[in-house]
Amino acid sequence: MADRIPLYPVRSAAAANRKRAAYYSAAGPGAERPSRYQLEDESAHMDEMPLMMSEEGFENDESDYHSLPRARITQRTHGLGWFVCGGWKFLCTRCCDWLINVCQRKRELRARTVWLGHPEKCEEKHPRNSIKNQKYNVFTFIPGVLYEQFKFFLNLYFLVVSCSQFVPALKIGYLYTYWAPLGFVLAVTITREAIDEFRRFQRDKEVNSQLYSKLTVRGSCFIRTDQLDGETDWKLKVAVSCTQRLPALGDLFSINAYVHAQKPLLDIHSFEGTFTREDSDPPIHESLSIENTLWASTIVASGTVIGVVIYTGKETRSVMNTSNPKNKVGLLDLELNQLTKALFLALVALSVVMVTLQGFVGPWYRSLFRFLLLFSYIIPISLRVNLDMGKAAYGWLIMADGSIPGTVVRTSTIPEELGRLVYLLTDKTGTLTQNEMVFKRLHLGTVSYGMDTMDEIQSHVRDSCSQLHSQATSSTPPRKAQSSAPKVRKSVSSRVHEAVKAIALCHNVTPVYEPRAGGTGDAEHAEVDQDFSDENRTYQAASPDEVALVQWTERVGLTLVNRDLTSMQLRTPSGQILTYSILQTFPFTSEGKRMGVIVRDESTAEITFYMKGADVAMSTIVQYNDWLEEECGNMAREGLRTLVVAKRTLTEEQYQDFESRHAQARLSVHDRALKVAAVLESLERDMQLLCVTGVEDRLQEHVRPTLETLRNAGIKIWMLTGDKLETATCIAKSSHLVSRTQDIHVFRPVTSRGEAHLELNAFRRKHDCALVISGDSLEVCLRYYEHELVELACQCPAVVCCRCSPTQKARIVKLLRQHTRRRTCAIGDGGNDVSMIQAADCGIGIEGKEGKAASLAADFSIRRFEHVGRLLVVHGRSSYKRSAALGQFVMHRGLVISTMQAVFSSVFYFASVPLYQGFLMVGYATVYTMFPVFSLVLDQDVKPEMAMLYPELYKDLTKGRCLSFKTFLIWVLISIYQGGILMYGALVLFESEFVHVVGISFTALVLTELLMVALTIRTWHWLMVVAEFLSLGCYVASLAFLNEYFDVAFITTMTFLWKVSAITVVSCLPLYILKYLKRKLSPPSYSKLTS
């Protein structure tokens, strides 16, 4: 797309900015132009300006009219053609949806008041506290399944045909010849859906049986929200302060208090409410925010909790962010549905031709309908039976594959979708990564330490701590820090010690000691029951990076043993306890990209401001150096997540001045955040650079080769994550989702239409680069330039969307499906991925550390990400190719017998009399040919090892060449040829009685079908051989019982045998010759691999 758009030279940045500012802000003749940040309100003006505008156009106040205008979706005219071509189905669907909405009116969501211990005071009823992934209930199961079946043209057609047999004038044969196949199809479908639905019910029952039963006394706890937002960071939650002053936990039920909460919302990052206690004087009112909230689907990681339930069932945030389960239909089924419509048109045309040649004599309309019934086998009812049984077989083969143990097929209707995928949308945390951080590198500027030199760091820390301890035990009294101390070149040991101490102090990590085994479990005695040994200590933090850093400082000698809101304690290698008072903490923000802490050393009274953050944020804060940028770049290329650590020593006067200004800024009503940031920036100057750390987020096993396999298979991979931009970018590089040679375009934050307009223009000029965009910017772009953004993003080799909510993930999947019309697959392992998984054409869930929510809601469940490669490239490919061959062969089977009926009617004066009646028609579609035809589900063109070694073979499937109108037309021609030969041959060779025609032609027909199966097979399986001989044996054995249709004396003669053999050879031999010549002259792509 970008190649068709003229690019204009860009002038200097300063000039461009001046003229752009003039364009937006300068007053024009008779009107005032809006500023850049007011463009959002001036939609009419933006509509006049094409999106693809060059910088030259902005500077010259001109529109680039040669560029691509903003695409608009036009309203189609709804006429008769629209109605016939699918409008009727659209209208029926809308009517059904309207009826469902009328029957299931959604209750209006309102704010609510919840009383503690007095549920009878709640005036309105709320949903049951349970989740539901079932598609139906007891009353809607049968109607719902029947609707899903008869919305397919094939089944609806046969329902009409079967019902027509109740009309005597239209009756062709026995009722069971029509109703038995249809009933069998419906029975198989209903049974399969019932099994799937029962499994969903059992999974829901298992999840709904899990309840919280924990209490707390400390007034805070840590929770994990990975099931909700994909982040495995532990988040600190705070209890309501007035309840913490109660003498005992039982007093919670004796006080007169209630919680007033806002109505249920989608937003998982905000909450507004109030806690009121009425039995105190005066009444206590305390505001509630997100810090006091534990959403459903979160996990109490440490501490104990007692809470009051506000939202239940459908009104919980996790359920509101999850789309309702839907029935997924595979692309192959839709394509076969289109082919059956084409067959129906051929059926009508053939019937009209027959009536026309008959001369429209008598009640011609009755003859027309009888011909429609005679030729109804053109559309085979057994097609649905074979495909549904094939799907079940593919599911069994997938679950039985020892190379991907633990794989579960939860939706048995779409295994072929695995072979048609173009886009794979994957979660990051727990899917591509293990979410286990490992400390890899420490760089001090002049020296670098890796995993193999950590013992040197231990030695330096031990030497420096012992030296400081000996100085502290001398008679020298503690002195206050002097900011103007003489600068002396420090030894390596002291520099290493300062760096390690800074890492051990600058964080938000809390050590946690679990209760002893066999403790009382009473919350009041929790402290007594705790075991404070090193083996029982774990670390909690808002980031796994920080846990990895603190664990590393423990390994090299400085151990964090205790922390509360006001102090920290470190233990040195010699066992000495160092106590630090926490004066101020500055948490990490995505805008600042850094965090800091001010501590006071209790032994020396020294006040130090420590800070760590991303290199882009810290490079302007630390003192001048010539190595920071280079080393950070080197670590990033290794896939490490870098943090720059710095410090600044403060005097008591400097700190008191800062503290007063900081407290004043926090009391501001207006622009509080800006004023607090301005005060903090006064400290962030000329800081001493201590070190750069490199931490690796361990990838899942074999992620890189798996992604490489999928990329070679022609699948485009998008990563959708709720994590930070820097983290997502780093993982994209380390996992080779983005290759080292590819450029990355980081979409700058945009908040208005004008900013989105400019940034999209900047992105449009990039070629062959990966896109990284945040959820907020994505939302703005989709609001105004949905089509343009999707079109540009689809041209990228890889896309990374960070800070995505569950709803945004699902929306991205839907946009890809709508705009590209290609098949999508979503894969994740957390509850926040459920919406994305259910919105995709094919959903894959991983059973991992984030629970089983994604696995239970997915169509396919796997244990590890590396299993995706084999699931798609081997099983997906083979399932699609097998179903394509099976579907076309079943249609060929119906076309052959319909051709024979047409020839027979033509010869006998266009009479609407059936050629074969009763059991012959049923047996032909079942016991005589069913087993060999169905054995095609075991066929394979290449071995699984070859399919994994050459994933490029998968790329051909996305074009749909295995099942297309071209291949379908070839099978139609084959069917016409063979049907004509079989019928004309039998008519030419029969002697005196008509019953001989039936015997010769039907026997040759059965043999032809068995030989055609053998012609179609590419790799023989022993079950295929058994199926061939079993079907032949069934037919031969049944001849003795078919006196009604065959002359038993005639079929045992040599005359019968040679006539059947001659007709069969003429019908099949030319096709064998053509197949041989084609493989020699134009071999398929896989043939070279099988030789």
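Worth saying up front: this structure is predicted, and the values here are computed from it rather than measured. (Residues numbered from 1 in each chain as written. Predicted model: local features only at pLDDT ≥ 70, side-chain atom pairs only at ≥ 80, totals over all residues. Heavy atoms only, no water.)

Asker: Describe helix H19 (residues 652-666), listing the residues and the values that go with them.
Answerer: Given a rise of 1.5 Å per residue, 15 residues ought to cover 21 Å, and the 21 Å separating the end C-alpha atoms of H19 matches this to within 8%. Along H19, the residues that are buried comprise Tyr655, Phe658, His662 and Ala665. The arc enclosing the buried residues of H19, seen along the axis, measures out at 90°, which places them on a common side. Facing away from the buried side of H19 by more than 90 degrees, the exposed set consists of Glu653 and Gln664. (Helix = DSSP H or I, 4+ residues; strand = E, 2+ residues; numbered from the N terminus. Expected span 1.5 Å × (residues − 1). Buried < 20%, exposed > 50% of the residue type's maximum accessible area, 1.4 Å probe, protein only. Arc of directions from axis to C-beta.)

Asker: How would you sum up a nonpolar patch on the surface? Please name residues and give values.
Answerer: Taken together, the side chains of Tyr174, Tyr176, Phe919, Val927, Phe931, Trp1022, Leu1023, Val1026 and Leu1030 define a hydrophobic patch exposed on the protein surface, amounting to about 810 Å² of accessible area. For the nonpolar patch, the element with the most residues is helix H36 (residues 1022-1038), which contributes 4 residues. (Patch = residues over 30% accessible without salt bridge, like charges linked within 9 Å, V, L, I, M, F, W, Y side chains within 5 Å. Areas by Shrake-Rupley, 256 points an atom, 1.4 Å probe, with all protein chains shown as cover. Salt bridge = Lys/Arg side-chain N within 4 Å of Asp/Glu carboxyl O.)

Asker: Let's hear about the packing of aromatic side chains: which residues, and what values?
Answerer: Taken as a whole and assessed by the stated rule, the structure comprises 20 aromatic pairs. Measuring from ring centre to ring centre gives 6.2 Å for Phe1002 and Phe1046, while their planes differ by 45°; the resulting arrangement is tilted. With Phe1002 in helix H35 (residues 994-1016) and Phe1046 in the loop between H36 and helix H37 (1048-1051), this residue pair connects regions lying 44 residues apart in the sequence. Pair check on accessibility: Phe1002 and Phe1046 agree, each one buried. (Phe/Tyr/Trp six-rings, centres within 6.5 Å; stacked < 30°, edge-to-face > 60°.)

Asker: Could you give an account of the pairing of strand S14 (residues 510-513), with specific residues and numbers?
Answerer: With burial as the criterion, each face of S14 is covered, one bearing Thr510 and Val512 and the other bearing Pro511 and Tyr513. Sheet analysis places S14 next to strand S15 (residues 537-540), joined by 4 bridges and oriented antiparallel. The partner of Thr510 across the bridge, within S15, is Gln540. (Pairing = 2+ DSSP bridges.)

Asker: So what's going on with the sheet that holds strand S17 (residues 567-571)? Which residues, and what values?
Answerer: The strand order across the open sheet formed by 9 strands is S13-S12-S22-S21-S20-S19-S18-S17-S16, and the pairing between neighbours is antiparallel. Taken across any chain shown, the strands that pair with only one partner, and hence form the sheet edges, are strand S13 (448-449) and strand S16 (559-563). One ladder, built from 7 bridges, connects strand S12 (residues 433-443) with strand S22 (residues 688-699); its direction is antiparallel. Paired with Thr433 across the bridge in S22 is Leu699. Each of S12, S13, S17, strand S18 (577-586), strand S19 (594-601), strand S20 (607-613), strand S21 (641-650) and S22 is contacted by helix H14 (residues 492-505), which is oriented at about 60° to S22, the strand it contacts most. (Contact = heavy atoms within 4.5 Å. Axes fitted to C-alpha atoms, helices over the stretch in contact; angles between N-to-C directions.)

Asker: Explain helix H21 (residues 703-712) to me, using residue names and the numbers behind them.
Answerer: Given 3.6 residues to a turn, an α-helix orients residues that are three or four positions apart in the same direction. Those residues of H21 lying buried are Val703, Thr706, Leu707, Thr709 and Leu710. One face of H21 carries all of its buried residues, which in axial projection span an arc of 155°. At the exit of H21 stands Gly714, carrying a positive phi of roughly 85°.

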